[in-house]
There are 2 protein chains.
Amino acid sequence: MTDISILGTGNMAKALATRALAAGRSLQILARDEAKAAALAAELGAGVTSATLTEAPAGRLVIAALPFDAIVEYATTQGAALSGKVLVDLSNPVDFSTFDALTVPADSSVAQLIAAASAAPVVKAFNTTFAGPLTAGEGYGAPLDVFVAADDAEAAALVSAFIADAGLRPLPVGGLHHARELEGMQLLVMAMQVNEALPAFQWGTSLKVLG
Amino acid sequence: MTDISILGTGNMAKALATRALAAGRSLQILARDEAKAAALAAELGAGVTSATLTEAPAGRLVIAALPFDAIVEYATTQGAALSGKVLVDLSNPVDFSTFDALTVPADSSVAQLIAAASAAPVVKAFNTTFAGPLTAGEGYGAPLDVFVAADDAEAAALVSAFIADAGLRPLPVGGLHHARELEGMQLLVMAMQVNEALPAFQWGTSLKVLG
């Protein structure tokens, strides 16, 4: 049995894999390129398996560490293979040429677009945690906050339990429509990383509710 | 000469007055009720003056610590009295009956609505700082972050200089259209304060970019 399937082999996929193993979860890595998935699985060790994105994911929790357009495509094409599972979206639909706008309509979010295309309930989480602090499990001496937006209570609970077991703090923000505000705030945080007036911010910050 | 005029006598007005005096700024308090303005001015001491909201504000920096609908009305009716000044909006257009939605259109913000009604450039700032930490000037051992959104660079610089002199950290997030994301994130932070699943959050948290 596999607990978690992670889609992708980039920095966020690696960071989430590190947290999943720290939480004692069994793990599968899926990627478009089977060799890349197998290489990351081997690097992670500890019985981590691998597959291609076109195969049905083995885990109940499917965490998509892919660009936002690729996740919408995945949710659409996987269809029934996602039935009975929970899909976690951590993407940010940012216009990376300007860092000044989101690329989804003002009354929507990429999480809601994915939910409309998905047979599985969608949970927005990990979109405000950069890969460095997430790999470490903490940022600047504090446990990372992971904001969670979801319409499905059981799906949200499954994700929040993983977050807590991984040594992080889950912070429920309400229904999936609040993914809009999470994606919007992360647009601002990302813009700060490329703002020359803020040289201390170099993609390693963490957004935290102190209290 | 008066540096700063604060509109209102509530908790946020008092907190900002405390910061203004800590920054060495001269200060005026304005309120609909002249007696309340005078009482707060006397309580603050140190040469703080008072006036009613219908009088022209004396400070170059006018900080509106009023409910969001009252600020739009103020900007509309004050007209020429605000010319040459900078208007700071710290309000959050939250539906306080549900804490689940903003009351402005999805592609707008209360700051932009105020700017459309105002003869002065508008700066969004202090909308994510609760009164308690703002009065103290810090939250949980860290200097408060004050996110600043503005289209007018000179206005933004004036506000950021005040924030820094008050012992806080100004974080520029870009143009005034980004007030939308700031108001949206604070909706989520406020919803957490009334969420019984988060008993540690009691209107004293602070939103921080650690790094």
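Residues numbered from 1 in each chain as written. Chains lettered and ligands numbered in written order. Predicted model: local features only at pLDDT ≥ 70, side-chain atom pairs only at ≥ 80, totals over all residues. Heavy atoms only, no water.

The name given to chain A in an unreviewed UniProt entry is NADP oxidoreductase, with the source organism recorded as Galactobacter valiniphilus.

Section: the overall build of chain A
Each helix and strand in chain A was counted, giving seven helices and eleven strands. By the compact-globule yardstick of 17 Å for 211 residues, chain A fits well, its C-alpha radius of gyration being 16 Å. Across its three principal axes, chain A shows a C-alpha extent of roughly 45 × 35 × 30 Å. Sorting the 211 residues of chain A into buried and exposed places 57% on the buried side. (Helix = DSSP H or I, 4+ residues; strand = E, 2+ residues; numbered from the N terminus. Rg over C-alpha atoms; globule rule 2.2 N^0.38 Å. Buried < 20%, exposed > 50% of the residue type's maximum accessible area, 1.4 Å probe, protein only.)

Quick notes on the sheet that holds strand E10 (residues 169-174) of chain B
Residues and elements named next belong to chain B. Read across the open sheet, the eight strands follow the order E3-E2-E1-E4-E5-E6-E9-E10; overall the sheet is mixed. The two strands at the open ends of the sheet, each matched to only one other strand, are strand E3 (49-52) and E10. Direction aside, the axes of adjacent strands within the sheet are offset by 25° on average. Two strands pair when backbone bridges link them, and strand E1 (residues 4-7) and strand E4 (residues 61-64) are joined in this way by four bridges, in the parallel orientation. For Leu 7, the partnering residue across the bridge sits in E4 and is Ala 64. Of the strands in this sheet, strand E5 (86-89) and strand E6 (122-124) are in contact with helix H4 (residues 110-117), which crosses E6 at around 170°. (Pairing = 2+ DSSP bridges. Axes fitted to C-alpha atoms, helices over the stretch in contact; angles between N-to-C directions. Contact = heavy atoms within 4.5 Å.)

Re helix H3 (residues 68-78) of chain B
All names here are of chain B. Within H3 the residues assigned to the buried category are Ala 70, Ile 71, Tyr 74, Ala 75 and Gln 78. When H3 is viewed along its axis, its buried side chains cluster within an angular range of 135° and face the same direction. Projecting away from the buried face of H3 at angles above 90 degrees are the exposed residues Asp 69 and Thr 77. On its buried face, H3 sits against E1, E4, E5 and H4. Downstream of H3 by a residue or two, Gly 79 has a phi angle that is positive, lying close to 45°. (Arc of directions from axis to C-beta.)

Observations concerning the side chain of His178(B)
Along the chain, His178(B) falls in the loop between E10 and helix H7 (179-193). On the basis of relative accessible area, His178(B) is assigned to the buried category, the value being 1%. His178(B) has contacts with Asp100(A), Leu187(A), Leu188(A), Ala149(B) and Val173(B), leaving out every residue within four places of it along the chain.

Remarks on the interface of chain A and chain B
Facing 30 residues of chain A, the contacting portion of chain B comprises 30 residues. Carbon and sulfur atoms supply 74% of the area that chain A and chain B bury against each other, a total of about 2800 Å² over both sides. Scanning the region where chain A abuts chain B turns up zero salt bridges. Connecting chain A to chain B are seven residue pairs in polar contact (both at pLDDT 80 or more). No other element matches the seven residues that helix H7 (residues 179-193) of chain A contributes to the side of chain A that touches chain B. Within the side of chain A that touches chain B, the residues separate by chemical class into 17 nonpolar, eight polar and five charged. Where strand E11 (residues 206-210) of chain A and strand E11 (residues 206-210) of chain B come together, five bridges link them in antiparallel fashion. By the bridge assignment, Ser206(A) is partnered in E11(B) with Leu210(B). (Buried area = accessible area lost by both parts, 1.4 Å probe. Salt bridge = Lys/Arg side-chain N within 4 Å of Asp/Glu carboxyl O. Polar contact = N/O pair within 3.5 Å; in protein donor to acceptor, adjacent residues only side chain to side chain. Nonpolar A, V, L, I, M, F, W, Y, C, P; charged D, E, K, R; others polar.)

A closer look at the UniProt feature "domain: Pyrroline-5-carboxylate reductase catalytic N-terminal" (unreviewed entry) in chain A
Under the UniProt annotation, the feature "domain: Pyrroline-5-carboxylate reductase catalytic N-terminal" (unreviewed entry) is placed at residues 4-93 of chain A. In this annotation, residues 4-93 of chain A is assigned 38% helix and 23% strand; the end-to-end C-alpha distance for the span is 24 Å. (UniProt positions renumbered as here; feature names shortened; annotations may be inferred.)

Comments concerning the sheet that holds strand E2 (residues 27-31) of chain A
Strands sit in the order E3-E2-E1-E4-E5-E6-E9-E10 (chain A) across an open sheet of eight strands; the sheet is mixed. Edge positions in the sheet fall to strand E3 (49-52) and strand E10 (169-174) of chain A, since each of these pairs with one other strand and no more. Each neighbouring strand pair of the sheet contributes to a mean axis angle of 25°, computed without reference to strand direction. Across the sheet, H7(B) touches strand E9 (145-150) and E10 of chain A, and the angle it forms with E10(A) is around 105°.

Some words on the relation of the copies chain A and chain B
Mapping one chain copy onto the other needs a rotation about an axis and a shift along that axis. For the pair chain A and chain B, the relating rotation is 180°, the translation along its axis is 0.0 Å, and the fit reaches an RMSD of 0.0 Å. The symmetry that links the two subunits is that of a two-fold axis. Here 100% of the interface residues in chain A have copies in chain B that are interface residues too; the copies meet face to matching face. (Least-squares fit on C-alpha atoms with pLDDT ≥ 70 in both.)

A closer look at the pattern of salt bridges
Opposite charge on two side chains permits pairing when their charged atoms draw close. All names here are of chain A. For the structure shown, the criterion picks out twelve salt bridges over all chains. Arg 25 is the salt-bridge partner of Asp 165, the closest N and O atoms lying 3.0 Å from each other. Here Asp 165, found in helix H6 (residues 153-165), pairs with Arg 25, found in the loop between helix H1 (11-22) and E2; they are 140 residues apart in sequence, far enough to count as distant. Exposure remark for Asp 165: the relative accessible area of 44% places this residue in the partly exposed category. Note that Arg 60 is salt-bridged to Glu 154, the shortest N-O span being 3.4 Å. With Arg 60 in the loop between E3 and strand E4 (61-64) and Glu 154 in helix H6, this residue pair connects regions lying 94 residues apart in the sequence. A relative accessible area of 55% means that Glu 154 is categorised as exposed. Several salt bridges converge on common partners, so that one network encompasses Asp 89, Lys 124 and Glu 183.

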